[in-house]
Amino acid sequence: MITEKKLNPEEMIEQINPTLDLFKEIEKLKIEKNAIILAHYYQEPDIQDIADYIGDSLGLSQEAAKTNADVIVFAGVHFMAETAKILSPTKKVLLPDVKAGCSLADSCPPHLFKKFKEKYPDHLVITYVNCTAELKAMSDIVCTSSNAVQIVESLPKDQKIIFGPDKNLGAWVAKKTGRDLVLWNGACMVHEIFSREKITKLKSRHSEAKFIAHPECESSILEMADYIGSTSGLLKYCKENSATEFIVATESGIIHQMEKENPTKTFIPAPPNNNCACNDCSYMKLNTLEKLYLCLKNEFPAVEVPQNIINEARKPIERMLEISEKLGL
Ligand code: 13P
Ligand code: SF4
């Protein structure tokens, strides 16, 4: 849930003095308000560069849980800011653009998931963090793409499990763990559009390149990959692997960090099955440096989660954080 104010963001952006150094202004505001900027790897380069912490969903949750800041500016999407609010309910959590949602979270409406869950009363519910707070409140454990395999493996072999909302991540986890998971039929629009045919052609033109993919991609894409992992896993692989070329099947924002960390290596976005040749997440890219500046200045829009949902959703997120800490993730 988002607090509403009658302000037109476009008009506010137009009013920003074009000579203003937004990087400097944001730094000043951060000190004034004891604020921290947490950014996901899919954010635009300027936002990644000004962030205090940049990471994947697990790292961002861990930072949100431990920060001493009074204000968290979450440069990511709504479910990420909501998770930060659930973990730090007394802090103000700001999201630069209220419309920064997630197609995967939208693919699992809580009232339908409730009915689905009722069909499997003896199953434990693991939900991927890319879902609404209401869905988390219906779950036993939350996971991210960094720890989904380990979270499933931490449960007894005979434990029956529902996994949602991402069917692709779920199928990959089922394959890796040898478990029979009951999957919700959800997916991410960015990771579902990669073209196997175009990737095959690209791989033959770059025969030395490693092909790497996020587990939200379809199995027909994942089976071609040299490495599959979360955004932080993909970054680590590119740093540690001796290859000099990588074809990357995930949102294109991550290429900024890949290039920064590996200036002599080449990163090629995997081609999607459409004509725009673009792997942008339209939600992630709604946040801009201007909107980040305005939200910090005005402390708006702030993410709010009802107290009863915070109480229920906190338990499965904390369970994930505890298991991850034990495993050193
Ligand atoms: P990561 O946790 O791997 O960063 O994934 C987040 C996400 O939204 C992928 O689409
Ligand atoms: Fe959601 Fe997909 Fe965007 Fe990630 S890339 S935030 S899963 S829509």
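Our structure is the block above this text.
Quick caveat, the model's predicted, so the values are computed rather than measured. (Residues numbered from 1 in each chain as written. Chains lettered and ligands numbered in written order. Predicted model: local features only at pLDDT ≥ 70, side-chain atom pairs only at ≥ 80, totals over all residues. Heavy atoms only, no water.)

Draft legend 1. Region of the structure containing the sheet that holds strand E6 (residues 141-143). With parallel pairing, four strands are arranged side by side in an open sheet as E6-E5-E7-E8. This sheet does not close on itself; its edge strands, each paired only once, are E6 and strand E8 (181-183). Averaged over all pairs of adjacent strands, the angle between their axes in this sheet comes to 30°, without regard to strand direction. Alignment of strand E7 (residues 161-164) against E8, held across three bridges, turns out to be parallel. Across the sheet, residue Ile162 finds its bridge partner in E8, namely Val182. (Pairing = 2+ DSSP bridges. Helix = DSSP H or I, 4+ residues; strand = E, 2+ residues; numbered from the N terminus. Axes fitted to C-alpha atoms, helices over the stretch in contact; angles between N-to-C directions.)

Draft legend 2. A look at the nonpolar core. Grouped together as the largest cluster of nonpolar side chains are 72 residues, with contacts concentrated most on Phe74, Ile126, Val173, Phe211, Ala249 and Met320. A total of seven residues in this core trace back to one element, the largest contributor, which is helix H16 (residues 307-326). Apart from residues lying up to four places away in sequence, Val173 is in contact with Ala148, Val149, Val152 and Leu181. By size, the runner-up hydrophobic cluster in this structure holds 22 residues, among which are Ile47, Ala51, Leu94 and Tyr293. (Core = buried A, V, L, I, M, F, W, Y, C linked by side-chain atoms within 4.5 Å. Buried < 20%, exposed > 50% of the residue type's maximum accessible area, 1.4 Å probe, protein only. Contact = heavy atoms within 4.5 Å.)

Draft legend 3. Broad picture of the site of ligand 1. The full set of residues close to ligand 1 is His40, Tyr42, Asp56, Ser57, Tyr128, Asn130, Ser145, His191, His214, Glu216, Ser230 and Thr231. Contact between ligand 1 and Thr231: an oxygen atom at 2.5 Å from a side-chain N or O atom of the residue. Considering ligand 1 on its own, with 300 Å² of exposed area, one finds that the protein chains cover 96% of that surface. Its residues assigned to classes, the shell around ligand 1 comprises two nonpolar, eight polar and two charged. (Near = heavy atom within 4 Å. Polar contact = N/O pair within 3.5 Å; in protein donor to acceptor, adjacent residues only side chain to side chain. Areas by Shrake-Rupley, 256 points an atom, 1.4 Å probe, with all protein chains shown as cover. Nonpolar A, V, L, I, M, F, W, Y, C, P; charged D, E, K, R; others polar.)

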